[in-house]
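# Descriptive structure summary
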Amino acid sequence: MLELNRDDFTKAELVKVMRSDDPELLQELFSTARKIRKEIQGNKIFAYGFVYFTTYCRNNCNFCYYRNSNDIERYRKNEEEVLATSKALIESGVNLIDLTMGEDPQYHQEKFETVANIIKKIKGEYDTPVMISPGVVSNEIIDNLADAGADFYALYQETHNRELFAKLRVGQDYDERMNAKLYAKEKGMLIEEGLLAGVGENEEDIVDSLLTMGEIGASQVRVMSFIPQEGSPMENCATPDRMEELKIIALMRLLYPQALIPASLDVDGIKGLKDRINAGANLITSIIPPKSGFMGVAHNTMDVDEGGRTVEEARGILDQMGLRIATREEYKEFIKEAGK
Ligand SMILES: C[S@@+](CC[C@H](N)C(=O)[O-])C[C@H]1O[C@@H](n2cnc3c(N)ncnc32)[C@H](O)[C@@H]1O
Ligand SMILES: C[C@H](CCN)[C@@H](N)C(=O)O
Ligand code: SF4
């Protein structure tokens, strides 16, 4: 059996864990991940509100429901709507607002000022940290977003295998995407890197991604299992067994004890929370207010209007696990350390 909880894993050892289905090893993997989280942050779990404010997109990612060629209903929310939903999320107890958008040509060509204003309001008036997930934007726009006060820039490579990237993010440039997040980091923003599970990667690819996340200095690292989307080229591809995602979460925790690692409600809804937390995640993402008209990504409506993706619902589950949602002040303290 592998010895866990070390900071000098070799690539071969990591690959071996990804390939293993030995129940004893996996148990040890998850319990070690939980132990490390507890050492770092006790029983606190962070929570992010998700505000997907425009679902228009110029890109054609093969895995995504919102790809440009998909003939779907789309929306573009105005500043008031975005702020009202952000406020409701903050009042419900989230620690950060994740402002997410498709690469909406209307913004990408002219309107980033609106986004900067929204960030300033959430930071100033609502005194709450902000993550911005705008896709690939120019260095000049990154400067503006950083100046507006955005704490985090999220941009997921999905894979660090260039050939696979080209098949997934069709027509997009690998280096341009990577360089945007490196530039954001240089400008003082924290960055989030992420990978998709179940899109044709092998164990070596996963391990390359795990190591790259550390090399680029990401403070938040994520994995999401691929969910097939109606009308997209990958509509008939299967969703992967969740054990892959759980193992990746646990390995990220072992490799990067201080990292923010999401348990995303977007993949399996609220019923998926417990397993991900038990694998070592320390953060709940994709909290969306019911009946607000805002959508998720991988599962765009699952549990939303039913009130399943709320802080209250998550709190009930955490409570049974001896855990609790962190306060905004505790989260701010945590990211201050992450920025050092
Ligand atoms: C919808 S995008 C939002 C930000 C921006 N448009 C971008 O692509 O960077 C956020 C992420 O959602 C994830 N995602 C999209 N479609 C998915 C799917 N079908 N299953 C799982 N995750 C998905 C991808 O990892 C993607 O990077
Ligand atoms: C993928 C999204 C995040 C974008 N920064 C969101 N649905 C999530 O699961 O946190
Ligand atoms: S993942 Fe992002 S960039 Fe790609 S099609 Fe979906 S919304 Fe657009």
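Residues numbered from 1 in each chain as written. Chains lettered and ligands numbered in written order. Predicted model: local features only at pLDDT ≥ 70, side-chain atom pairs only at ≥ 80, totals over all residues. Heavy atoms only, no water.

## Quick look at the site of ligand 2
F50, D98, T100, S133, Y156, R222, M224, S264, D266, T285 and S286 make up every residue found near ligand 2. D98 is positioned such that a nitrogen or oxygen atom in its side chain is 2.7 Å from a nitrogen atom of ligand 2. One of the side-chain N or O atoms of D266 is found 3.1 Å from a nitrogen atom in ligand 2. In isolation ligand 2 exposes 300 Å². Once the protein is present, 94% of that is buried. (Near = heavy atom within 4 Å. Polar contact = N/O pair within 3.5 Å; in protein donor to acceptor, adjacent residues only side chain to side chain. Areas by Shrake-Rupley, 256 points an atom, 1.4 Å probe, with all protein chains shown as cover.)

## Some thoughts on the packing of helix α1 (residues 11-19) against helix α8 (residues 203-215)
Interhelical geometry of α1 versus α8 gives an angle of 125° and a closest axis separation of 9 Å. Judged by the inter-axis angle, α1 sits oblique to α8. Once α1 is placed against α8, the crossing between them reads as right-handed. Within the contact between the two elements, α1 uses K11, L14, V15, M18 and R19 and α8 uses E203, E204, I206, V207, D208 and L211. By residue class, the composition of the contact of α1 with α8 is six nonpolar, no polar and five charged. (Axes fitted to C-alpha atoms, helices over the stretch in contact; angles between N-to-C directions. Helix = DSSP H or I, 4+ residues; strand = E, 2+ residues; numbered from the N terminus. Parallel < 35°, antiparallel > 145°, perpendicular 65-115°, else oblique. Left-handed = near helix turned anticlockwise from the far one by under 90°. Contact = heavy atoms within 4.5 Å. Nonpolar A, V, L, I, M, F, W, Y, C, P; charged D, E, K, R; others polar.)

## Regarding the UniProt feature "domain: Radical SAM core" (unreviewed entry) in the protein chain
This chain's UniProt record puts "domain: Radical SAM core" (unreviewed entry) on residues 43-266. Between the end C-alpha atoms of residues 43-266 there is a gap of 23 Å, over a span that is 42% helix and 18% strand. (UniProt positions renumbered as here; feature names shortened; annotations may be inferred.)

## Topic: the environment of K44
Positionally, K44 belongs in strand β1 (residues 44-54). For the pair formed by K44 and E125, sequence separation is 81 residues and the distance between their alpha carbons is 26 Å. For K44, the contacting residues outside a window of four places in its chain are R324, A326 and E330.

## So, the pairing of strand β5 (residues 190-197)
With eight of eight residues buried, β5 lies mostly within the body of the structure. By the alternation rule, side chains of β5 split into L190, E192, G194 and L196 and I191, E193, L195 and A197, which are all buried. As judged from the three bridges shared by strand β4 (residues 152-154) and β5, these two strands associate in the parallel manner. What sits directly across from Y153, in β5, is I191. Bridge count between β5 and strand β6 (residues 220-225): six bridges; the pairing is parallel. For A197, the partnering residue across the bridge sits in β6 and is S225. Between the parallel elements β5 and β6, the chain passes through α8 in a crossover that is right-handed. (Buried < 20%, exposed > 50% of the residue type's maximum accessible area, 1.4 Å probe, protein only. Pairing = 2+ DSSP bridges. Right-handed = clockwise from strand over helix to strand, strands pointing away.)

## Focus on the site of ligand 1
Looking at ligand 1, there are 21 residues lining it, with F63, E158, R169, R177 and I227 nearest. Residue M101 places a main-chain N or O atom 3.0 Å away from a nitrogen atom belonging to ligand 1. Q229 places a side-chain nitrogen or oxygen 3.1 Å from a nitrogen atom of ligand 1. Calculation on ligand 1 without its partners gives an accessible area of 560 Å², and the protein chains cover 94% of this total. Where the shell around ligand 1 is concerned, the elements lending two or more residues are β2 (96-101) and β6. Residues that form the shell around ligand 1 fall into these classes: twelve nonpolar, six polar and three charged.

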